[in-house]
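# Working through the structure, step by step
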Amino acid sequence: MSGLLRFCGLTLNARIPGTGPIGVPAIAVPASVALVPLVCFGHEVLRARRVRARHRGVLDMAGRRSARLRATVLDHGTPAAYCLPGRRPRIVVSAGALRLLSPAQLESVLEHERAHIAGRHHLALAATEAFARVFRWLPLALEARAQTPLLLEMAADDRALRRHPRQALVSALYTMAAGHAPHAPGGAFTVGGPGAAVRLRRMLDARRRPHPALCGLAAAVAVGLPLLPPLLGCAPGM
């Protein structure tokens, strides 16, 4: 940042423009545009935390803890599994899932749910929900809210596939997609969640993964593009 300021001709002793009567609104408006989504994001995080806390109380009464599975087992016939992320994460598995899934399938399902918790995917959901609430007239905001849950499920699938056979997760997802998580609260991640058919087709597709160098190049371009406008704007005149 220090080098960027010097490149733009600004030093620590230079007077920052825009502090006059006209400059105050010019600073306040962008600041409020950035602040309002942050406030809405905090509200979404707290709201979801309260919902999860109430649901944990229900699980403490209706479920039983399994030290072997590191999960809570609910006496429910429908095969289902979901997780409650946050400070006190909880993975929930139904008795129907334990009855129908093989040990390999069950482990892949549990790994899928652990991926949601480790990746803090609930924060990504809260961010897209806040963005959509504040900028509800933007198609990008609405599309982000609609697509983020599916993308997070795909990310959890990819992490589970690193440690477990593809066939185990695919067959488990097929078995559980027909069921629904029993009494799962809003914000919970269910293994048979959004876009199960899309996820199945994606995992069954045998296309080769892109080369790591290509992934690195794409990441570098994505990081560098936002820096181009300020660099070009600060470039000295020819």
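Refer to the structure printed above.
Worth saying up front: this structure is predicted, and the values here are computed from it rather than measured.

## A look at the nonpolar core
- Ranked by size, the top nonpolar core spans 17 residues in total, and within it Val93, Leu101, Val109 and Met176 carry the most contacts.
- With three residues, the top contributor of residues to this core is helix H4 (residues 103-118).
- When residues no more than four places from it in sequence are discounted, the contact partners of leucine 101 are Leu106, Val109, Ala172, Thr175 and Met176.
- By size, the runner-up hydrophobic cluster in this structure holds eight residues, among which are Ala160, Leu169, Val170 and Ala196.

## Notes on the pattern of salt bridges
- One pass over the full model with this rule turns up 10 salt bridges.
- Glutamate 111 is the salt-bridge partner of arginine 163, the closest N and O atoms lying 3.6 Å from each other. Here arginine 163, found in helix H6 (residues 139-163), pairs with glutamate 111, found in helix H4; they are 52 residues apart in sequence, far enough to count as distant.
- The class of glutamate 111 is buried, set by a relative accessible area of 5%.
- Taking the shortest distance from any N to any O, the salt bridge between arginine 199 and glutamate 153 comes out at 3.8 Å. In this pair, arginine 199 is assigned in helix H8 (residues 196-204) and glutamate 153 in helix H6, connecting sequence segments 46 residues apart.
- Salt bridges here are not isolated pairs; linked through shared partners, they connect Glu44, Arg47, Glu129, Arg133 and Arg145.

## Section: the environment of glutamate 111
- Counting along the chain gives 45 residues from glutamate 111 to alanine 156, while the straight-line C-alpha distance between them is 8.2 Å.
- Leave out the neighbours within four places in its chain, and glutamate 111 touches Arg159, Ala160, Arg163 and His164.

## A few points about the pairing of strand S3 (residues 81-84)
- Residues Ala81 and Cys83 point to one face of S3 and Tyr82 and Leu84 to the other, with burial holding for every one of them.
- Pairing of S3 with strand S4 (residues 90-94), which is carried by four bridges, proceeds in the antiparallel orientation. Of the residues in S4, the one forming a bridge with leucine 84 is arginine 90.
- Connecting the antiparallel pair S3 and S4 is a turn made up of five residues, with glycine 86 showing a positive phi of about 115°.
- By the bridge criterion, two bridges tie S3 to strand S5 (residues 189-190) in an arrangement that is antiparallel. The partner of tyrosine 82 across the bridge, within S5, is threonine 190.

What counts, and where the lines are drawn
- Residues numbered from 1 in each chain as written.
- Predicted model: local features only at pLDDT ≥ 70, side-chain atom pairs only at ≥ 80, totals over all residues.
- Heavy atoms only, no water.
- Core = buried A, V, L, I, M, F, W, Y, C linked by side-chain atoms within 4.5 Å.
- Buried < 20%, exposed > 50% of the residue type's maximum accessible area, 1.4 Å probe, protein only.
- Helix = DSSP H or I, 4+ residues; strand = E, 2+ residues; numbered from the N terminus.
- Contact = heavy atoms within 4.5 Å.
- Salt bridge = Lys/Arg side-chain N within 4 Å of Asp/Glu carboxyl O.
- Pairing = 2+ DSSP bridges.

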